[in-house]
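Structure at a glance
The chain contents come next:
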Amino acid sequence: MPRIIQAIRGMNDILPDQIDLWEFFEQTVRDWMAGYGYRNIRMPILEQTDLFVRSIGAVTDIVEKEMYSFLDNLNGDSLTLRPEGTASCVRAVLEHNLLYTGPQRLYYSGPMFRHERPQKGRYRQFHQVGAEALGYAGPDIDAELIAMCAELWRKLGISDVRLEIGTLGSTESRALHRARLIRYLERHLGKLDEDARRRLHSNPLRILDSKNSEMREIIDGAPQLLDDLDEDSLAHFEELQRILRNQGLDFEINPRLVRGLDYYNRTVFEWITGKLGAQGTICAGGRYDGLVEQIGGKAASACGFAMGVERVLALMIECGNDIPRAVPDAYVIHQGEAADGLAWKTVRHLRDRGLNAILHCGGGNFKAQMKKADASGARFAVIIGDDEAQAGEISIKPLREAAEQVRVGLAEAAILLKRT
Ligand code: ATP
Ligand code: MG
């Protein structure tokens, strides 16, 4: 027998038993985004490798070690499975001139790919929902994006999630800070790990994002960007805080929030839960005013976030938010040629009235069919035999409660089966 082929490590199947939760989440997201005027955009899953190198930054975890990149056999192009959505979204906006008509509120969702060590909450194919507000310069949109998330957590029944915010300032203030940081890190060269030493001069800020616990002490003692902040960025940051407070949104300022991507400036934020262990960040975002220009467009402000869907769903479960399985309304069992015709007619009649009806397929006697009806989870079995066919009626048997079986005409059946 040939060996059973398995899925790629870190890439998950989403099975029917999990799908009610996913679909509840997806529907909630659609309604929620529409409520704020964010419109859906769908980009390809493959892009030119260069797009991510230029936007995320060459000296980052993602680009250095997590990207699925390969050469296109047919023309030698270097392609990459998208590790995130922002770069693709901005690329699409530029390519189609969407900013020409004014600012844009957009959102996307779908699978992302990163070659990481698979563990709970960290996969090689995972899903993100992301929002991008392009062409808005002020802190009001930053605040809206954050407030939106808080609203979604409420809709999903999620609690135990806290908000951390920070600011990365302007390019100039980061340059100032960078120089100070390098001087500090050079004084502690002996305590830096290999990654940190390599990044010391190319991307020292990224060192503060290290997940190596042995670097904790060094990172905690490092100079803070907040002290080097330029006036405009400080004003932006303070206004953001004012709006958040006005909206009753609690937050902590985390001066160490750097984020794993290079394109951020000014506002950065993360939503973090204590309920998911080490992979506690369920959503992260911030401002990236330089990105549009960096990938070839006319400079435009931008701010957004991306949430990890698997982590959000895991948190929903942790919070006891059980989404009931969607069950069929009716399972129609039938025997004999005349019954067969009436069975087809019945399921169509019920479906036309918005009910979900499964037509038994595969034959078998009534007893065997009844077992299938029960296993399907359906609320009712509809039974059609010779008697029923002759009378042009159907028998309805409640499967989930102790109630009598009744025999009715089709018109009455739809009323009886209506979901309450
Ligand atoms: P982390 O610090 O956990 O590696 P990140 O900074 O790399 O996260 P982002 O690029 O900001 O993550 O992505 C936004 C969100 O997507 C994260 O907060 C997380 O919820 C989710 N996410 C990122 N990588 C993965 C992954 N490999 N598997 C599952 N979810 C992920
Ligand atoms: Mg990461």
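1. Focus: the sheet that holds strand β4 (residues 78-81)
- Spatially, three strands are ordered β2-β4-β3 in an open sheet, and the strand pairing comes out antiparallel. Every interior strand has two partners, whereas the edge strands, β2 (46-48) and β3 (68-71), have only one. Between one strand axis and the next, the sheet turns through 35° on average, direction left out of account.

2. Considerations on the domain arrangement of the protein
- Each assigned domain of the protein is listed here: domain 1 (16-170 + 230-318) and domain 2 (330-419).
- Between domain 1 and domain 2, the C-alpha centre-to-centre distance is 48 Å.

3. What about the packing of helix α1 (residues 16-35) against helix α12 (residues 309-318)?
- It is at 11 Å that the axes of α1 and α12 come closest, and there the two elements cross at 110°. Classified by the angle between their axes, α1 and α12 sit roughly perpendicular to one another. Crossing geometry of α1 relative to α12 is assigned as right-handed. Judged by residue contacts, Leu-21, Trp-22, Phe-24 and Phe-25 of α1 engage Val-309, Glu-310, Val-312, Leu-313, Met-316 and Ile-317 from α12.

4. Brief notes about the pattern of salt bridges
- Applying the stated rule across the entire model yields 23 salt bridges.
- One salt bridge in this structure joins Arg-91 and Glu-47, with 2.8 Å as the shortest N-O distance. Placement of Arg-91 in helix α4 (residues 86-95) and of Glu-47 in strand β2 is noted, with a sequence separation of 44 residues between them.
- Accessibility expressed as a relative area gives 7% for Glu-47, which makes it buried.
- A salt bridge links Arg-54 to Asp-50, with the nearest nitrogen and oxygen atoms 3.4 Å apart. Residue Arg-54 and its partner Asp-50 are both found in helix α2 (residues 49-56); the two are separated by four residues, about one turn of the helix.
- One salt-bridge network, in which partners are shared between bridges, spans Asp-61, Glu-64, Lys-65, Asp-195, Arg-198 and Arg-199.

5. Section: the packing of aromatic side chains
- What the rule picks out here adds up to two aromatic pairs.
- Considering the side-chain rings of Trp-153 and Trp-271, the 5.8 Å spacing of their centres and the 80° angle between planes classify their relative orientation as edge-to-face. Of this pair, Trp-153 sits in helix α5 (residues 139-155) while Trp-271 sits in strand β9 (residues 265-273), and the two are 118 residues apart along the sequence. The two residues Trp-153 and Trp-271 agree in class, both being buried.

6. Thoughts on unusual backbone geometry
- Within the chain, Asp-160 stands out as a residue other than glycine whose phi angle is a positive 60°.
- Counting through the fold element by element, Asp-160 comes out in the loop between α5 and β7 (161-167).
- Although it is not a glycine, Arg-266 sits at a positive phi angle of roughly 45°.
- For Arg-266, the position within the fold is in strand β9.

7. A word on the site of ligand 1
- Taken together, the neighbourhood of ligand 1 is formed by 17 residues, with Arg-114, Glu-116, Arg-122, Arg-259 and Thr-281 sitting nearest.
- A distance of 2.6 Å separates a nitrogen atom of ligand 1 from a polar side-chain atom of Glu-116.
- Burial of ligand 1 by the protein chains amounts to 91% of its free accessible area of 580 Å².
- Elements with a contribution of two residues or more to the shell around ligand 1: β6 (125-134), β10 (281-287) and β11 (302-308).
- Sort the elements by how many residues they give to the shell around ligand 1 and β10 lands first, with four residues.
- Per-class residue counts for the shell around ligand 1 are seven nonpolar, four polar and six charged.

8. Focus on the side chain of Thr-60
- For Thr-60, the location among the structural elements is in the loop between α2 and α3 (61-66).
- A residue is classified by how much of its surface remains accessible, and Thr-60, at 0% relative accessible area, is buried.
- Among the polar contacts made by the side chain of Thr-60, one reaches the main-chain amide nitrogen of Val-63 at a distance of 3.3 Å.

9. Thoughts on the environment of Tyr-108
- Note that Tyr-108 resides in strand β5 (residues 104-113).
- Considering only alpha carbons, one finds Tyr-108 and Arg-39, 69 residues apart in sequence, at a separation of 8.4 Å.
- Apart from residues no more than four positions distant in its own chain, Tyr-108 is found in contact with Asn-40, Ile-41, Met-43, Gly-85, Thr-86, Cys-89, Gln-128, Val-129, Gly-130, Glu-132, Phe-305 and Ala-306.

10. Observations concerning the environment of Ser-170
- The residue Ser-170 is located in the loop between β7 and α6 (171-187) in this model.
- Of the residues examined, Ser-170 reaches a relative accessible area of 12% and is grouped as buried.
- C-alpha of Ser-170 to C-alpha of Gly-290: the two residues are 120 residues apart in sequence and 9.8 Å apart in space.
- Apart from residues lying up to four places away in sequence, Ser-170 is in contact with Asp-230 and Ser-233.

11. Details of the sheet that holds β5
- With mixed pairing, the eight strands of this open sheet are ordered in space as β1-β5-β6-β11-β10-β9-β7-β8. Edge strands, defined here as strands with exactly one partner in the open sheet, are β1 (39-40) and β8 (252-253).
- Against the sheet, helix α10 (residues 231-246) contacts β7, β8, β9 and β10, and its axis sits at roughly 160° relative to β7.

12. Notes on the nonpolar core
- Within the largest apolar cluster, 46 residues are counted, with the highest numbers of intra-cluster contacts made by Ile-41, Val-90, Tyr-108, Leu-134, Leu-185, Leu-192 and Tyr-288.
- Among the elements that make up this core, the one with the highest residue count is α4 (five residues).
- The residues touching Leu-192, leaving out its near neighbours within four places in the chain, are Leu-185, Arg-197, Leu-200, Met-215 and Ile-218.
- Counting residues in each nonpolar core, the second largest holds 44 residues, with Trp-32, Phe-237, Leu-249 and Cys-283 among its members.

About the cut-offs
Residues numbered from 1 in each chain as written. Chains lettered and ligands numbered in written order. Predicted model: local features only at pLDDT ≥ 70, side-chain atom pairs only at ≥ 80, totals over all residues. Heavy atoms only, no water. Pairing = 2+ DSSP bridges. Helix = DSSP H or I, 4+ residues; strand = E, 2+ residues; numbered from the N terminus. Axes fitted to C-alpha atoms, helices over the stretch in contact; angles between N-to-C directions. Domains from an automatic or database assignment. Parallel < 35°, antiparallel > 145°, perpendicular 65-115°, else oblique. Left-handed = near helix turned anticlockwise from the far one by under 90°. Contact = heavy atoms within 4.5 Å. Salt bridge = Lys/Arg side-chain N within 4 Å of Asp/Glu carboxyl O. Buried < 20%, exposed > 50% of the residue type's maximum accessible area, 1.4 Å probe, protein only. Phe/Tyr/Trp six-rings, centres within 6.5 Å; stacked < 30°, edge-to-face > 60°. Near = heavy atom within 4 Å. Polar contact = N/O pair within 3.5 Å; in protein donor to acceptor, adjacent residues only side chain to side chain. Areas by Shrake-Rupley, 256 points an atom, 1.4 Å probe, with all protein chains shown as cover. Nonpolar A, V, L, I, M, F, W, Y, C, P; charged D, E, K, R; others polar. Core = buried A, V, L, I, M, F, W, Y, C linked by side-chain atoms within 4.5 Å.

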